[in-house]
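Here are the chains, one letter per residue:
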Amino acid sequence: MTDALPARSQLVAARLREAGITGEIRVLPDAASTAALAAAALGVEVGAIANSLVFLGDGEPLLVMTSGAHRVDTAALAERLGLSRIARAGADQVREATGQAIGGVAPTGHPAPIRTVVDEALAEYPQLWAAGGTPHTVFPLTLDELVRLTGAPVVRVD
């Protein structure tokens, strides 16, 4: 029932329905603001968490949907994407770009489209979990659904 969800998660749920993704947003009792916390709360491997990390690529927002088991190599990713520099976005920049707080950034439901890439390592997991717009909300989806939802290319990020 989406009416019981926080406003940010209701927006994410609407975007999921529009994309034909049937996974329901789940509200967790405790915040799962890191991939490790989300994996522990869900009883899944940390690599199955589609971690939403916001960077600035040449000054523009860049959302990297990475496996919770990976770190992003910003220099290598910048080269792969043809960017001069990728730097981690600050909390205010994340909220401005996504409308969501760090630890709860969903792959969708942002005020405007954000350039996004998806970590190829997520292909190792038949079911992924992503944040649902707040640190307390998550939802399941597949890699194919994540790619369809974001329109993002699958690339190596580490």
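Residues numbered from 1 in each chain as written. Predicted model: local features only at pLDDT ≥ 70, side-chain atom pairs only at ≥ 80, totals over all residues. Heavy atoms only, no water.

A look at the nonpolar core
And then number 1: Residues L141 and L146 are the most contacted members of the largest nonpolar core, which totals 29 residues.
And then number 2: Mapped onto this core, the elements with two or more residues apiece are α1 (7–18), β2 (49–57), β3 (60–67), α4 (91–98), β6 (128–131), β7 (137–141) and α5 (143–150).
And then number 3: Apart from residues lying up to four places away in sequence, L141 is in contact with I21, Q127, L128, A130, L146 and L149.
And then number 4: Listed in part, the 13 residues of the second largest apolar core include L53, V64, V72 and A78. (Core = buried A, V, L, I, M, F, W, Y, C linked by side-chain atoms within 4.5 Å. Buried < 20%, exposed > 50% of the residue type's maximum accessible area, 1.4 Å probe, protein only. Helix = DSSP H or I, 4+ residues; strand = E, 2+ residues; numbered from the N terminus. Contact = heavy atoms within 4.5 Å.)

Thoughts on the pairing of strand β5 (residues 115–119)
And then number 1: Across the 5 residues that make up β5, a large majority, 4, are buried.
And then number 2: Bridging between β3 and β5 involves 4 bridges; their strand directions are parallel. Along β5, the bridge assignment pairs L63 with T116.
And then number 3: Of the strand pairs in this sheet, β5 and strand β8 (residues 154–155) are connected by 2 bridges, and their pairing is parallel. Paired with D119 across the two strands is V155, which belongs to β8. (Pairing = 2+ DSSP bridges.)

Here's the deal with the side chain of T137
And then number 1: Position of T137 relative to the elements: it lies in strand β7.
And then number 2: T137 gets classed as buried once you look at its relative accessible area, which sits at 0%.
And then number 3: Side chain to side chain, T137 and S9 meet in a polar contact 3.0 Å long.
And then number 4: Polar contacts involving the side chain of T137 include one to the side chain of T134, which spans 3.0 Å. (Polar contact = N/O pair within 3.5 Å; in protein donor to acceptor, adjacent residues only side chain to side chain.)

Remarks on unusual backbone geometry
And then number 1: Phi is positive for D58, close to 50°, though the residue is something other than glycine.
And then number 2: As for its position among the elements, D58 is in the loop between β2 and β3.

Thoughts on α1
One turn of an α-helix holds 3.6 residues; hence residues three or four places apart share an orientation.
And then number 1: The end-to-end C-alpha separation of α1 is 17 Å, in line with the 16 Å expected for 12 residues at 1.5 Å each.
And then number 2: Within α1, burial applies to S9, V12, A13, A14 and L16.
And then number 3: Against β7 and α5 lie the buried residues of α1.
And then number 4: One or two residues past the end of α1 sits G20, with phi positive at roughly 75°. (Expected span 1.5 Å × (residues − 1).)

A look at the pairing of β2
And then number 1: Counting buried residues in β2 gives 8 out of 9 residues, a clear majority hidden from the surface.
And then number 2: Relative to β6, β2 runs parallel, the two being bridged by 2 bridges. Pairing of A50 across the sheet is with A130, part of β6.
And then number 3: Bridging between β2 and β3 involves 8 bridges; their strand directions are antiparallel. If you follow S52 over to β3, its bridge partner there is M65.
And then number 4: Linking β2 back to β3 in an antiparallel pair, the connection comprises 2 residues, with D58 at a positive phi of about 50°.
And then number 5: As judged from the 3 bridges shared by β2 and strand β4 (residues 86–88), these two strands associate in the antiparallel manner. The residue bridging F55 from the neighbouring strand is R88, located in β4.

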